[in-house]
Structure formats: structure tokens, C-alpha cells
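Spelled out from the first residue to the last, the chains are:
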Amino acid sequence: MGVSERRVLYTFTLGFGCMRAWALTFLGDSGVTPPMSLQLSSNMFYVFAPLMVLAMALVMAVVPKRWGEMRFLSPRGIGAAAAVLSAGSLLLVANPMPGSVVPEAICAVGFGCFLMQWGIASSRIPVDRLMLALGLGLVTAALLCFALCLLPPLFAHIMFVLFVPASAAGLIATARHVPVQAGELSAGSGSAAAKSRDAGNSASKRAPIVFAVASARGASDAAAARECDPKRPAGHGGALLRLALAMFLMELVARSSLMLSGEYFTGVLAYPSYSFELARLAGTALASVLLLLVMRLSSMPLKTLYMLVPVLLVSSCLFLLFENWGIPFVTYAIAFSAGAWLETVFWILFSHAGSRLHLPATTVWGTGRIAFWLSTFVGLMLWSAQGVAFPDGIAENAGAMTTITLVMALLSMVVYLFVLPEKIASSFGIAESADSEPAAMPRSIDDAAADIAKEFGLSKRETEVFALLAKGRDTAYIQEKLFISSGTVCSHRDRIYRKLDVHSRQELLDLVEERMG
């Protein structure tokens, strides 16, 4: 695993873990939530879910046409989404307006944009690396939630708010090392920095496109190969709708199983209790261990992951029938494990389905997230309805509990066999072997420049100038960035040319492109 791959793994794991920990705490899936006064009421969720879906739909409509995905994934774009989400979190913690939905509404908009940015970043990470990062991220989130419930309320509030900037920092660091698609680096050419460049320097204008082509070479070859792939879905919209429907129905089963097991859990253990977090940690550990085993032992890991989705969902449903055994801890852990496994598998599928369907990552990922949250919304409405039908709790009605459990298990199998059968799911690449994935991520410009500088013995200042030249920066930009005169920039550039034995900027760019592989 190269330097870039390790960086992506570490930063994605920490950032994703913090983002998931924030979501679990905010949405009331955490046992620590009630004493922190952060749990959403049903009425508040009726505001949160639609607003978040609206925010994601807006991103799907605007970003591909107006901004470009990499501009949306820039530090400024991530910072803007994180600022909105942090503001909502602070208002939620301060609770200046009890009963108001304003903090939840602000969080909905910020979180919707934030999730879309995580989806874009995920779509540019190879499947095997993404599996590993998601598995480790699940454990990180569970550990953070468990630590949160052990802290005094004040420190728990602070930690909750800090989840957002920590996740944003991880996402920014991850985005720096993801490959760039052709033409994306020129998306921000209208910025002030771009306008300040020397109009006569045609090489600097072409440089971003040079590196866009270099970074996207593997993606272009893969796209060309997919043109001849007979398994590629013929109807883009139909295939995406099938995937979204499967996500909706399976998440509905997973959410119902989690709520049913949670209701029985509360009947045995006093709520709130760190036992919820222990059960969550155990379920997450189970899902992560299974994930690592599949990655190591299966020749087609994504296919194996998908095949295990109905197995875990049915298992979580059947465990609900064994409530008389007195094992609420195990029941809740299995239910949470199934939910985490389901989300991980569909996170990967929606992240990489865009290249198969020849659709923007924002469109495919947003469709999947909207299906997920609509399923959660519908699940909450159904749960509210059962509260009216069974005032004492559905867990106290053995007949109804058995019927609902069997229906959920049957629904899981129907989705797997008919809505998104393995044959259709194979169209999204789940049947590809691990060997068919690229062994390493495309190298970043920074890594290639650092290797060249070390090989040719560039000084520290020459290395800094060279790194900027490699990105197509002109003399004026380098002068402003490094706080040196234009003459000094030219002197460093001449020495760099001599040491690298190149005679023009284009030759320098060609050298870096070659090292990027």
C-alpha cells in the first residue's frame, strides 16, 4: 500500500467515523442521546428528513452542471457544509428555543450537503480500499459513541459538536489524494487566482488539463472497456431505480428490526444505559470482522457482501422471535450489525455505480441517500402507527410480533430474489474478482513531485517551487504563494530545469505525468 493509499485510509476512516458518530447521536440511535437532550422527536424528524432530501436533490441538480464535483469537494465547499452543520449542532446543544425545529432544519441542510461530499470522495476510491476504510470507520464510530456515553454532559456536548469539524478535516485530507476526472481541474478557472495568471503563458493554461488526463487515464480505459461490457445495464434509469428500491426496502427491514429489538431491550434494561453502546459496539465489531474476513478469503468480495445482506437481515428478524430466551443484548447487537452491513454494502454499490451507468456520481449517490432517508422516514411513520395500534408496545403482543417479524424476513428475500437479484446486481460489478481492481490508487501530483525532487536532489525551496510548477502554476502565482520575488522564482526554475534535464515547462509536466503512472 503506497503513501497516498495509507493517507486516504487513515483520513477516510477517522472522518467517516466522526461523521457516523455524529449521525448516530443526533438521530437518537445512541443510548447516550436522551440525557444530552439531543434526541429528535418524531415531529422534528418530519422536518429533518424532508429538508435533508431537498438539500441532496438540490446538490444533484446544481453541482454537475454549475460547479463540478471536485469544486464542490474543495476545502471551501467542504468547509461551507461543515460550517452549516456545526452551527446547527451548536444551536441544538445550546437549546435556546426548546421545541423549535430551527436547529434540526439547519442540521438537515448541512448534513445533506456533507453526505453528498462524502459520496463523491467514496466514488473515487477503489472498492477494496473503500471496504477496508468503511469497516474501520464503523468501529471508530462505535468507539466514539461508547466514549461519549461515559463522559459528563458538558464534555459530551463538546465532543458531539467537535465531531463535525473533525469529520470535515478528514474529508478534506481524503479529497486531496483522490484522482481527478478529466476537465475537473479547470472547473474553477474563473476564480481570482486563475485570472491573475499571465495571459501569455499558454503552457500554464494547458497544465491543469494535462494532469486531469493523467489522473483519469485508468478511469477512461475502464470506461472504454465497459462500453463493450454486455453486462452493463441497458437502461440507466431503470437500473438505478432498481438499486434505489432495493435500498429502500432492505433499509426498511433493517430499521424495523432495530426498533423492535430496541423496544424489547428497553423492557429489560433501564434506558438510557451504556449497555446500548456495548451492544452497538459488539454488533459493529461483528460486522467489521465479517467484512475483513470476506475481503481476505473471497475472490469476489463485493458479491459475497451482497449475498450476506439477506442472511443478516433474516437472522436479525428471527432473533426477535427468541425474546423469551432473555438475550436482548444479542438481539440488538445482531440487528445493529445487519443494519451496519447493509449500509456498508449499498454505500459501496452507490459509490461506484455511477461509472457503470455513465451517470454523475452526485446523481447516483444522491438517489441512494434519498432512498435511504425516505426509508427511515417511512419506518418512523409506521413505528408511530404501531404505537397507536399497540399502546402497551408491540413487543408485548406475541402474535403481532411473530407476524411482523416473518413478514420482514420474507420481504428481505423477495428483494434479494426479485427486486435486485444477483444477476442484475452483477451489472454493477459485484461479480468482479478482487484481482480486477487496480492494485494501487492513481498517484497524486504531490507524491510524484516529491519522488522526483528526492531523486534529483532538489533543495527544500526548489522542491516547493517544483511542486507548484508541476501543478501548472505560473511565476506570479508562485511569487505570491511563497513570498519571493519573480527573479528568485526564475532562478529556482532554471536550476530545476538543469537538474531534471528538461528544457521547457511541457517537458517538466510530461515527466511528472509519467511518474504519476
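Okay, so let's go over this structure. (Residues numbered from 1 in each chain as written. Predicted model: local features only at pLDDT ≥ 70, side-chain atom pairs only at ≥ 80, totals over all residues. Heavy atoms only, no water.)

**Here's the deal with the overall build of the protein chain**
And step 1. When you go through the protein chain residue by residue, the secondary structure sums to 23 helices and zero strands.
And step 2. Buried residues in the protein chain amount to 53% of all 517 residues.
And step 3. Surface accessibility of the protein chain: about 21,800 Å² in total, with carbon and sulfur atoms responsible for 65%. (Helix = DSSP H or I, 4+ residues; strand = E, 2+ residues; numbered from the N terminus. Buried < 20%, exposed > 50% of the residue type's maximum accessible area, 1.4 Å probe, protein only. Areas by Shrake-Rupley, 256 points an atom, 1.4 Å probe, with all protein chains shown as cover.)

**Describing the side chain of Thr-140**
And step 1. Mapped onto the elements of the fold, Thr-140 is located in helix 7 (residues 127-150).
And step 2. Assessed through its relative accessible area of 18%, Thr-140 is described here as buried.
And step 3. Polar side-chain contacts of Thr-140 include one of 2.9 Å to the backbone oxygen of Leu-136.
And step 4. In this view, Thr-140 contacts Thr-13 and Gly-17; residues no more than four positions away in its chain are not counted. (Polar contact = N/O pair within 3.5 Å; in protein donor to acceptor, adjacent residues only side chain to side chain. Contact = heavy atoms within 4.5 Å.)

**Remarks on the side chain of Ser-122**
And step 1. By the secondary structure assignment, Ser-122 is in helix 6 (residues 102-123).
And step 2. Judged by relative accessible area, Ser-122 falls into the buried class, the value being 0%.
And step 3. Engagement of the side chain of Ser-122 in a polar contact is seen with the backbone oxygen of Trp-118, the distance being 2.8 Å.
And step 4. Residues contacting Ser-122, with those up to four places away along its chain left out, are Phe-12, Leu-130, Trp-347, Ser-351 and His-352.

**What about the nonpolar core?**
And step 1. Core analysis: the biggest nonpolar cluster contains 114 residues, and Trp-22, Phe-111, Phe-346 and Trp-373 have the highest contact counts within it.
And step 2. Of all the elements, helix 15 (residues 328-357) adds the most residues to this core, at 15 residues.
And step 3. Ala-453, Leu-458, Ala-470 and Val-512 belong to the second-largest nonpolar core, a separate cluster that totals 25 residues. (Core = buried A, V, L, I, M, F, W, Y, C linked by side-chain atoms within 4.5 Å.)

**Considerations on the packing of helix 22 (residues 486-500) against helix 23 (residues 505-516)**
And step 1. Between helix 22 and helix 23, whose axes approach to 11 Å, the crossing angle comes to 55°. Between helix 22 and helix 23, the angle falls in the class oblique. The way helix 22 lies across helix 23 gives a crossing that is left-handed. On helix 23, the residues touching Ile-496, Tyr-497 and Leu-500 of helix 22 are Arg-505, Leu-508 and Leu-511.
And step 2. Grouping the constituent residues of the contact of helix 22 with helix 23 by class yields five nonpolar, no polar and one charged. (Axes fitted to C-alpha atoms, helices over the stretch in contact; angles between N-to-C directions. Parallel < 35°, antiparallel > 145°, perpendicular 65-115°, else oblique. Left-handed = near helix turned anticlockwise from the far one by under 90°. Nonpolar A, V, L, I, M, F, W, Y, C, P; charged D, E, K, R; others polar.)

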